[in-house]
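Here is how the chains run, residue by residue.
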Amino acid sequence: QVRLVESGGGLVQAGGSLRLSCAASGRTFSAYTMGWFRQAPGKEREFVAAFSWTGGSTYYADSVKGRFTISRDNAKNTVHLQMNSLKPEDTAVYYCAGAPRGSVTMESSYDYWGQGTQVTVSS
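Notes on the structure follow. Treat the numbers as computed from the prediction; the structure is a model and nothing was measured.

Rules behind the numbers
- Residues numbered from 1 in each chain as written.
- Predicted model: local features only at pLDDT ≥ 70, side-chain atom pairs only at ≥ 80, totals over all residues.
- Heavy atoms only, no water.
- Helix = DSSP H or I, 4+ residues; strand = E, 2+ residues; numbered from the N terminus.
- Rg over C-alpha atoms; globule rule 2.2 N^0.38 Å.
- Buried < 20%, exposed > 50% of the residue type's maximum accessible area, 1.4 Å probe, protein only.
- Contact = heavy atoms within 4.5 Å.
- Polar contact = N/O pair within 3.5 Å; in protein donor to acceptor, adjacent residues only side chain to side chain.
- Pairing = 2+ DSSP bridges.
- Axes fitted to C-alpha atoms, helices over the stretch in contact; angles between N-to-C directions.
- Phe/Tyr/Trp six-rings, centres within 6.5 Å; stacked < 30°, edge-to-face > 60°.
- Lys NZ or Arg CZ within 6 Å of the ring centre and 35° of its normal.

### Regarding the overall build of the protein
Counting secondary structure elements, the protein contains zero helices and eleven strands. Listing the helices and strands of the protein from first to last along the sequence gives β-β-β-β-β-β-β-β-β-β-β. Computed over the C-alpha atoms, the radius of gyration of the protein is 13 Å, within 12% of the 14 Å expected from 2.2 N^0.38 for a compact globule of 123 residues. Residues counted as buried form 42% of the 123 residues belonging to the protein.

Structural data, given as structure tokens:
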């Protein structure tokens, strides 16, 4: 059973920080691109950040660049998203996902998805 489980979401004031974690089990994701997506009510799910295996490259949506940092620990089969300077528009359910290939910004590239964790940023 392949499983991704997100944690670390919660309620935070604007300007605050949260650290999301994604724990993987059932397989190793060391060769996968690991990404974070988010979905606000009534909105499409959007790309947030990704960490590719090749070259250890990171990618960020323009809306979070400079505020969010993605990291991964292959030994522990985990990925994290450090979110700083949070804004109310960051409020969404955040999903962890794994992609074997393809564009890191496209949902269709990702084969495995977690159930999501709620992040709420108050003004």
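Next comes the rest of the account.
### Considering the environment of Asn 84
Here Asn 84 shows up in the loop between strand S8 (78-83) and strand S9 (92-99). Each C-alpha atom of the pair Asn 84 and Phe 68 lies 6.0 Å from the other, and the pair is 16 residues apart in sequence. In this structure, Asn 84 is in contact with Gly 16, Ser 17, Arg 67 and Phe 68, ignoring residues within four places of it in sequence. One polar contact links Asn 84 to Ser 17, side chain to side chain, over a distance of 2.8 Å.

### Notes on the environment of Val 121
Note that Val 121 resides in strand S11 (residues 117-122). With residues up to four places along the chain from it excluded, the contact list for Val 121 reads Val 12, Gln 13, Ala 14, Leu 86, Lys 87, Pro 88, Asp 90 and Thr 91.

### Quick word on the sheet that holds strand S3 (residues 18-25)
On the basis of which strands lie adjacent, the open sheet formed by four strands has the order S1-S3-S8-S7 and antiparallel pairing. Looking at strand neighbours, the two that pair on one side only are strand S1 (3-7) and strand S7 (68-73), the edges of this open sheet. Adjacent strand axes in the sheet meet at a mean angle of 15 degrees, parallel and antiparallel pairs treated alike.

### Observations concerning the packing of aromatic side chains
The full count for this structure, using the stated rule, is seven aromatic pairs. Relative to Tyr 112, the ring of Tyr 32 lies with its centre 6.0 Å away and its plane at 50 degrees, an arrangement referred to as tilted. Here Tyr 32, found in the loop between S3 and strand S4 (33-39), pairs with Tyr 112, found in strand S10 (residues 112-113); they are 80 residues apart in sequence, far enough to count as distant. Given a relative accessible area of 26%, Tyr 112 falls into the partly exposed group. Aromatic pair Phe 37 and Phe 47: ring centres 5.7 Å apart, planes at 75 degrees, arrangement edge-to-face. Of this pair, Phe 37 sits in strand S4 while Phe 47 sits in strand S5 (residues 46-51), placing them ten residues apart in sequence. Considered together, Phe 37 and Phe 47 belong to a single accessibility category, that of buried residues. Through pairs of rings, three or more aromatic residues link up here, namely Phe 37, Phe 47, Tyr 110 and Trp 113. One Lys or Arg, Arg 27, reaches over the ring of Phe 29 and ends 5.5 Å from the middle of that ring. Positioned over the ring face of Trp 113 is Arg 45, at 4.0 Å from the centre of the ring.

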